[in-house]
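So the chains spell out like this:
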Amino acid sequence: MLDEEMDEFLKSLEEDEEESSKPQKPPPKRKTKPVNDPLTDDIDSILNDPDFETDRRKTEKPTKLQQYPPKKCSVVYIGKKESTIGQISCPNIRCMKCDCGVVCFEDFDWDGNIEYLFLRNNYPDFDRLKSKLKSVKGTFAYACQCNSVSVQKQSSVNSVKNSLKWFCGSH
């Protein structure tokens, strides 16, 4: 009797082993969303859209600042836009003293000595500064919030006025 039970037990193990070695079908898929949920439908349509970007960092092109290091002028020139020897006036000048950008008014000259408080109160508004500007063809009037200078030809900032603390803000 014991032998018969043992044989039955071994047969059942063999059958179980044969069944486990056969490929099993995946469990049937269940619908998890409610039938009439508009929010879920909208989310699914967005996620299934082939134009939807799941990871923007991978798909965005790098900006110019990421591609190349910013350029800075070794010598800051003001005046004419470009000289005959290829020196280009810096388009992005900043002041170290007042931490403001330098504005340029082409074909204008400063009328006499400009007071610090006048610049401080009126910078960078041309309409407010024009009371101290006069129209002179070929002249450039530059100003920040603490200093002003006029030039007729292209020159370096240090050669125009030594007290200027202007530098290239990169471009």
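First, a word on scope: everything that follows refers to the structure included in this document. (Residues numbered from 1 in each chain as written. Predicted model: local features only at pLDDT ≥ 70, side-chain atom pairs only at ≥ 80, totals over all residues. Heavy atoms only, no water.)

## Thoughts on unusual backbone geometry
Step number 1: That bond from Y123 to P124 is cis: its omega, -10°, falls within 30 degrees of zero.
Step number 2: Within the secondary structure, P124 sits in the loop between α5 (116–122) and α6 (126–129).
Step number 3: Non-glycine residue D107 carries a positive phi angle of around 65°.
Step number 4: Position of D107 relative to the elements: it lies in strand β3 (residues 103–110).
Step number 5: Looking at D107, the relative accessible area reads 25%, which means it is partly exposed. (Helix = DSSP H or I, 4+ residues; strand = E, 2+ residues; numbered from the N terminus. Buried < 20%, exposed > 50% of the residue type's maximum accessible area, 1.4 Å probe, protein only.)

## As for the side chain of N147
Step number 1: Within the secondary structure, N147 sits in the loop between β4 (133–143) and β5 (148–151).
Step number 2: Residue classification places N147 among the buried residues on the basis of a relative accessible area of 10%.
Step number 3: Separated by 3.2 Å, the side chains of N147 and K161 make a polar contact.
Step number 4: Discounting chain neighbours no more than four positions away, the residues touching N147 are K97, L119, Y142, K161, S163, L164 and W166. (Polar contact = N/O pair within 3.5 Å; in protein donor to acceptor, adjacent residues only side chain to side chain. Contact = heavy atoms within 4.5 Å.)

## Here's the deal with the pairing of β4
Step number 1: Examined bridge by bridge, β3 and β4 share 7 bridges and lie antiparallel to one another. Within the sheet, the bridge partner assigned to F105 lies in β4 and is A141.
Step number 2: Of the pairings in the sheet, the one linking β4 to β5 comprises 4 bridges and is antiparallel in character. Across the sheet, residue A141 finds its bridge partner in β5, namely S150.
Step number 3: The antiparallel hairpin formed by β4 and β5 contains 4 residues in its connecting segment. (Pairing = 2+ DSSP bridges.)

## Some words on the pattern of salt bridges
Step number 1: One pass over the structure, following the stated rule, counts 3 salt bridges.
Step number 2: Notably, a salt bridge pairs K137 with D107, separated by 4.0 Å at the nearest N-O pair. Placement of K137 in strand β4 and of D107 in strand β3 is noted, with a sequence separation of 30 residues between them. (Salt bridge = Lys/Arg side-chain N within 4 Å of Asp/Glu carboxyl O.)

## Topic: the state of the cysteines
Step number 1: Scanning the entire structure with this criterion turns up 0 disulfides.
Step number 2: The cysteine C144 is free of any disulfide, with C146 supplying the nearest cysteine sulfur at 3.6 Å. (Disulfide = S-S within 2.5 Å.)

## Digging into the packing of aromatic side chains
Step number 1: Within this structure, the stated rule accounts for 4 aromatic pairs.
Step number 2: Judged by centre distance (6.4 Å) and plane angle (80°), the ring pair of F105 and W110 falls under edge-to-face.
Step number 3: Centroid distance Y142 to W166: 6.4 Å. Interplanar angle 50°. Geometry classified as tilted. With a gap of 24 residues between them, Y142 in strand β4 and W166 in strand β7 (residues 166–168) connect regions that are remote in the sequence.
Step number 4: Classification of W166 as buried rests on a relative accessible area of 6%.
Step number 5: Through pairs of rings, three or more aromatic residues link up here, namely F105, F108, W110 and F126.
Step number 6: Sitting over the face of the ring of F118, K132 holds its NZ or CZ atom 5.7 Å from the ring centroid. (Phe/Tyr/Trp six-rings, centres within 6.5 Å; stacked < 30°, edge-to-face > 60°. Lys NZ or Arg CZ within 6 Å of the ring centre and 35° of its normal.)

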